[in-house]
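# Survey of secondary and tertiary structure
Single-letter residue listing:
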Amino acid sequence: MIYFLIPVYNESENLPELSKNLISFSAEEDKFYVFVDDCSTDGTVSRLTELFPENKLQVIEKDKNGGPGDSFNRGFNWILQHSNDDNDKVVTVEGDNTSDLEILPVMLANSKMGFGLVLASVYAQGGGFDKTSAFRKIISFMANMIFRALFDLKVLTMSSFYRVYSLNLLKRVKNKFDNIIEEKGFICMLEVLLKSIKCNAKIIEVPMVLKSDKRVGKSKMKIFKTTISYLKFLFSNFSKLRA
């Protein structure tokens, strides 16, 4: 089984294209779609039930907005409770169509070769940005460079939502740390990456071009707020996760 895990917050306008791309994606395995809605107010949940087959869809609704980290953690836990096969894969993608599904066959092939975590990377050779502001590129590059140096990371990208996890890796992270993700904001992707490394995950990166023009509306990430969360994470977790 391939579980697609997608956190959403007011993505109603992006869902028709997203559903078309996900449903039409061809795979040998069965596909199942897990959406975690972060208290959307634009009809996102009702749109999901219209666009996806009922028997292939799980929508997890929250009582209050908790951020993408909280959404991912809830989704991972739901999948761990309902999966029956350690060979299952979990594909995490953006809800705004900026995750390029054309590279997913390569990512899944790497996962089947034994890589517990496959990262879609704008920094790997052949990857990059398209239609993204220079300011966001600089912030992203600096954050990745700083955290790579501080945590002695060998991977090039740390913050992308677009990844393929093996179910076995997620179980190991859960068993070792109790919570797969504790951080609520976008820093959650760095947290689960560092925890995966502590669990001796085999990790590989696949180049991807981030095409922001596929998104309807603005990114939900707030630069200043996210920067502060990165700094807080650094001060509170440096010794624990670097050791």
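The notes below deal with the structure included here. (Residues numbered from 1 in each chain as written. Predicted model: local features only at pLDDT ≥ 70, side-chain atom pairs only at ≥ 80, totals over all residues. Heavy atoms only, no water.)

### Focus on the side chain of Ser83
- Residue position: Ser83 is located in the loop between helix H3 (67-82) and strand S4 (89-92).
- On the basis of relative accessibility, which here comes to 11%, the residue Ser83 falls in the buried class.
- In terms of polar contacts, Ser83 uses its side chain to reach the side chain of Asp88, at 2.5 Å.
- The contact partners of Ser83, leaving out residues within four places of it in the chain, are Tyr3, Asp88 and Leu167. (Helix = DSSP H or I, 4+ residues; strand = E, 2+ residues; numbered from the N terminus. Buried < 20%, exposed > 50% of the residue type's maximum accessible area, 1.4 Å probe, protein only. Polar contact = N/O pair within 3.5 Å; in protein donor to acceptor, adjacent residues only side chain to side chain. Contact = heavy atoms within 4.5 Å.)

### Digging into the pairing of strand S5 (residues 117-121)
- By the criterion of burial, S5 is predominantly enclosed, with five of the five residues buried.
- Side chains of S5 alternate between two faces, with Leu117, Leu119 and Ser121 and Val118 and Ala120 buried alike.
- Pairing geometry for S5 and strand S7 (residues 163-166), over three bridges, is antiparallel. Bridge pairing links Val118 to Val164 in S7.
- Pairing analysis gives five bridges linking S5 to strand S8 (residues 203-207), with the strands arranged parallel. (Pairing = 2+ DSSP bridges.)

### Some details on the packing of aromatic side chains
- Taken as a whole and judged by the stated rule, the model has ten aromatic pairs.
- With centroids separated by 5.6 Å and ring planes inclined at 15°, the aromatic side chains of Phe161 and Phe186 adopt a geometry described as stacked. With a gap of 25 residues between them, Phe161 in the loop between helix H5 (134-150) and S7 and Phe186 in the loop between helix H6 (167-177) and helix H7 (188-198) connect regions that are remote in the sequence.
- Judged by its relative accessible area of 5%, Phe161 is buried.
- Among the aromatic residues, those joined into a ring-pair cluster are Phe4, Phe25, Tyr33, Phe35 and Phe52.
- The aromatic ring of Phe177 is capped on one face by Lys176, whose charged end is 5.9 Å from the ring centroid. (Phe/Tyr/Trp six-rings, centres within 6.5 Å; stacked < 30°, edge-to-face > 60°. Lys NZ or Arg CZ within 6 Å of the ring centre and 35° of its normal.)

### Side note on the packing of H3 against H6
- Interhelical geometry of H3 versus H6 gives an angle of 110° and a closest axis separation of 11 Å. As far as their axial angle goes, H6 and H3 are roughly perpendicular. For the pair H3 and H6, the crossing hand works out as left-handed. Every residue of H6 that contacts H3 at Phe76, Asn77, Ile79 and Leu80 is listed here: Leu167, Leu170, Lys171 and Lys174. (Axes fitted to C-alpha atoms, helices over the stretch in contact; angles between N-to-C directions. Parallel < 35°, antiparallel > 145°, perpendicular 65-115°, else oblique. Left-handed = near helix turned anticlockwise from the far one by under 90°.)

### A word on the packing of helix H1 (residues 15-24) against helix H2 (residues 44-51)
- Where H1 contacts H2, the axes come no closer than 10 Å and their chain directions differ by 35°. Note that H1 runs across H2; the crossing there is right-handed. Side by side, H1 and H2 meet where Leu15, Pro16, Ser19 and Ile23 of the first sit next to Thr44, Arg47, Leu48 and Leu51 of the second.
- Taken together, the residues that form the contact of H1 with H2 break down as five nonpolar, two polar and one charged. (Nonpolar A, V, L, I, M, F, W, Y, C, P; charged D, E, K, R; others polar.)

So, to be careful, I would describe these as geometric facts and stop short of saying anything about function.
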